[in-house]
Structure formats: C-alpha cells, structure tokens
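The chain contents come next:
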Amino acid sequence: MPELPEVEAARRAIADNCIGKKIVKAIIADDPKVIDGVSPMDFKASLEGKTIVAANRKGKNMWIELDSPPFPTFQFGMTGAIYIKGVAVTKYKRSAVKDDEEWPSKYSKVFLELDDGLELSFTDKRRFARVRLLENPVSVPPISELGPDALLEPMTADEFYKALSKKKNGKRSKEIKALLLDQSFISGIGNWIADEVLYQARIHPMQSASSISKEGCATLLKCINEVIEKAVEVGADSSQYPTSWIFHSREKKPGKAFVDGKKIEFITAGGRTSAFVPDLQKNTGAESAKAAGKRQQGKVQRVKHNNSDGQDEEAEAGKSEVKQRGTNTKRASTNKKSKESNSDNDENDSDEGLKKPSGKSKQNRSSKGKDGDQKKKPRGTNMAAKRKLEESDDEINDNSDASGGDNDNEQSKDRKLSSKTQSKGKKTTKQAAEQRQTRNKPSKKQK
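Source: prediction; values computed, not measured.

Bringing the nonpolar core into the picture now. Core analysis: the biggest nonpolar cluster contains 37 residues, and Phe160, Ile176, Ile189 and Leu220 have the highest contact counts within it. Secondary-structure elements contributing two or more residues to this core are α1 (4-17), α3 (157-166), α4 (176-181), α5 (191-201) and α6 (214-233). Per-element accounting of this core gives the leading share, nine residues, to α6. Setting aside chain neighbours within four positions, we find Ile176 in contact with Leu164, Leu198, Ile203, His204, Pro205, Gln207, Ala209, Ile212 and Leu220. Core analysis: the next-biggest nonpolar cluster, separate from the first, contains 32 residues, Ala13, Cys18, Leu118 and Leu120 among them.

Set out below in structure tokens:
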C-alpha cells in the first residue's frame with residue numbers, strides 16, 4: 001500500500017521530469033468513485049493548456065501545482081500509482097503495469113500528455129484512491145486535517161514525548177500503533193512503516209502511548225526518521241530495504257514468519273493486522289499490567305464458574321423447589337374452592353331432600369372398596385339405586401296406610417336419615433334404601 005515513501009517517489013518523478021512543461025491533452029476516466037466532485041469534461045478543461053510548476057506532497061497526499069488554480073490532487077488509497085512513460089518510476093507491486101501492456105493502462109484515471117511528448121498516468125486498480133480538483137489543496141480536507149509530515153516536518157524528541165504523553169482516549173491512553181496510524185497526529189506513516197519502527201524500537205504495538213518513557217520516545221522517533229529516510233533514499237524500492245527489517249516477513253503466513261531467527265506473531269492493533277516479535281516487543285506499563293490483571297481475573301472467574309456445576313445445580317434445585325411450592329399453593333387454593341363449591345351443592349341437596357343430586361355431587365360420592373381406596377360409583381349403579389329407592393318409597397307409602405301414625409313418624413325419620421346420608425356422603429343411596437326396607441317390615445304385633 002502506498003505510504004509516505006511511495007508517494008514521495010511519485011512526487012520526485014514528476015518534479016524531475018514534468019516541471020515547466022505544458023499539458024496539451026488530458027483524458028479523465030468516467031469514474032465518480034475515484035474522480036471526486038467534478039465531471040470528466042470540467043476536469044479536462046481545467047488542465048489542458050496549463051503549465052506544471054511544482055509537485056507537492058503532505059503525508060500520503062500529493063498535488064500538482066499549475067500556473068493557475070485549480071490543482072489536481074491525489075490521495076493514493078491502496079493501489080494508487082504514478083507512471084511516466086519511458087521514466088523509471090517505482091512500480092507498486094499491487095498495481096504494476098508492465099511495459100508490454102496497453103498504454104495508458106485500462107486502470108488509468110488521469111492521463112496527461114505534455115508538450116514535449118512525455119506522457120503521465122495516474123492509475124488505481126482497486127479504486128480506493130480519490131482524485132480532486134481544488135483551488136487551494138492545503139486549506140481544505142483532507143490535507144488541512146493532517147498532522148506534521150513525518151519526513152518534511154520532523155518533531156524534536158521533547159515535542160514527540162510531550163505529544164505522546166497527552167494522547168489519551170478518555171481515561172485510557174491510546175495504543176501506540178493506533179496513534180502512529182492517526183494521520184492527524186503525524187502524517188505519512190501507514191501500516192508497514194508503523195510495524196517496522198515499533199520493531200526497531202522494541203515497542204509492543206498495543207503499548208499505551210502515554211506509558212512510554214522519555215528514552216523510549218526518543219528511540220521511537222529516531223527509528224521513524226531512519227526508516228522513512230532509508231525507504232525514500234532507495235525510491236521506495238522494497239528490494240533494497242535492509243534484510244534485518246521485519247518488512248520482508250510481515251506478509252508471510254503465521255507460524256512461518258521469522259526475522260533474525262525470532263518468530264513473528266500477528267495481532268490486530270489500531271484496527272489493522274500488525275506484525276511484531278513477542279520476544280523483543282514486550283507490552284509494559286501500569287495500564288498494561290492492569291489489563292493483564294483483568295484478563296487473569298476473567299480466567300479465574302471462568303474457572304470458578306466451570307468448577308461450580310454442583311452449586312449451580314443446587315441453586316437450580318432450590319429455584320425448582322420454590323416454583324413447585326408456588327404450584328402446590330395454587331393447587332391447594334383451587335381444591336379449597338372446589339370443596340366449598342361441593343359443600344354448597346351438598347347443602348342444596350339437603351334442602352331438596354330426595355331430589356336428583358347435581359353432577360358435582362355425584363362425582364364426590366364414593367364408596368370404599370376392599371382395598372380401602374376411594375372409588376367412584378358407576379353411573380349405572382347410581383341409576384339402579386335410584387330406581388330401587390323409588391320402589392322402596394312406593395312400598396313405604398303402601399305400608400303407611402296400614403300402619404297408621406307410628407309408621408308415619410318412622411317413615412319421616414327414615415327420610416331425614418336418607419337425606420342426611422346423601423348430603424354427607426357417609427352412606428350410599430343403595431344402603432339407605434336397604435335400611436328403609438328393613439325398618440318398614442311389619443312387626444309381629446301388626447301381623
């Protein structure tokens with residue numbers, strides 16, 4: 001991905017080969033995703049006939065200064081690149097256009113032909129770049145929002161230390177990798193440069209910025225300057241970077257990445273995949289120790305949780321018991337209401353005498369079997385008992401004519417006894433009828 005060294009190489013190529021020359025032809029791609037805020041025709045009209053007077057850069061942004069505004073500006077994105085026909089400009093490995101391929105490339109977004117026949121093209125294979133036409137590029141975003149350029153505006157050791165000490169995200173200090181990638185803090189450093197300088201300075205990517213000592217800050221700033229200067233010196237040609245750099249191994253697969261015989265590991269820091277050497281880059285500082293303590297405490301809590309299965313089951317059993325008690329209480333309340341309802345039915349039966357019992361009363365009447373269990377009387381048995389009772393009543397009425405007043409009193413008592421037996425459920429209808437038959441037999445004196 002183009003970072004400060006790659007963009008600086010493109011700026012220098014334009015400065016060395018294009019300054020003082022007039023643009024005679026411009027071809028602007030019809031790609032509104034890359035060509036931002038201006039139509040291809042307006043862009044073309046603003047360039048043709050103008051003379052290139054300078055090539056400028058800040059951070060990862062470049063703009064071509066013409067003899068009159070507006071000026072074309074280039075934010076390189078992931079695969080943006082400048083090519084000059086016949087001039088050896090650094091080839092970015094992800095968007096390189098070979099000499100035998102079509103010219104301009106099908107990925108060209110801005111093509112310029114100069115009055116001496118020189119041709120220049122800005123290409124973007126993956127379309128993450130942004131090309132704008134601005135009156136004063138340094139006064140508007142994104143360039144106006146950039147921090148000091150890492151190459152052109154280097155900070156002193158004291159300035160760098162003070163700047164790191166102040167950088168906190170709320171109550172927590174910002175991680176150093178995230179801070180280096182923050183273009184408003186320092187511009188031009190991208191992912192690979194951040195990994196390289198942190199490795200060279202032996203600082204962990206997730207080390208809190210404010211916890212780095214003054215000596216550590218001085219070492220880090222020295223590494224930033226050295227890495228950028230070396231990369232710019234060789235024209236961003238990565239094949240010429242020192243072999244001791246982590247750069248050459250940071251794109252290898254985990255487990256197969258080593259530098260100077262030491263294993264490289266990969267983590268996410270500052271929102272980006274970060275390569276570092278755990279043996280050399282230790283995360284130190286009070287906040288780091290606190291975070292490690294929290295992680296250890298979390299592990300202990302998880303272990304306790306795993307070892308407390310029995311307690312959890314006990315708690316669940318207790319919850320179940322409480323729930324069951326509530327269910328039983330509810331059932332008891334329902335049964336109580338049912339009994340009260342049955343009692344009301346029994347009272348009604350008592351008032352009605354030998355009237356047909358209600359459905360609920362029938363269900364509540366039962367007799368004890370040989371095994372002592374309560375069993376419901378079959379419906380057919382109750383009907384048979386009722387018929388037998390009616391026959392018994394007829395017999396009682398016939399005998400009452402012969403027996404006189406004494407029998408009437410006895411029959412009245414029998415009826416009351418029968419009604420009482422039915423309401424309390426102590427004797428069945430069949431038993432009451434048998435008793436009546438026995439008592440209503442004529443005595444010897446009557447015979």
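Once the structure has been displayed, the description carries forward.
In contact at an axis separation of 9 Å, α1 and α6 are set at 40 degrees when each is read in the N-to-C sense. As summarised for this structure, α1 and α6 are arranged oblique, according to the angle between their axes. In terms of crossing hand, the pair formed by α1 and α6 is right-handed. On the side of α1, the interface is formed by Leu4, Pro5, Glu8 and Arg12, while α6 contributes Ile228, Ala231 and Val232. Across the contact of α1 with α6, the residue classes tally to five nonpolar, no polar and two charged.

Turning our attention to α3. Among the residues making up α3, those that are buried are Phe160, Ala163 and Leu164. On an axial view of α3, the arc spanned by its buried residues comes to 95 degrees, and they lie on one face. Of the residues in α3, the exposed ones pointing more than 90 degrees away from the buried face are Lys162 and Lys166. Lining the buried residues of α3 we find α4 and α6.

The rules behind these values
- Residues numbered from 1 in each chain as written.
- Predicted model: local features only at pLDDT ≥ 70, side-chain atom pairs only at ≥ 80, totals over all residues.
- Heavy atoms only, no water.
- Core = buried A, V, L, I, M, F, W, Y, C linked by side-chain atoms within 4.5 Å.
- Buried < 20%, exposed > 50% of the residue type's maximum accessible area, 1.4 Å probe, protein only.
- Helix = DSSP H or I, 4+ residues; strand = E, 2+ residues; numbered from the N terminus.
- Contact = heavy atoms within 4.5 Å.
- Axes fitted to C-alpha atoms, helices over the stretch in contact; angles between N-to-C directions.
- Parallel < 35°, antiparallel > 145°, perpendicular 65-115°, else oblique.
- Left-handed = near helix turned anticlockwise from the far one by under 90°.
- Nonpolar A, V, L, I, M, F, W, Y, C, P; charged D, E, K, R; others polar.
- Arc of directions from axis to C-beta.

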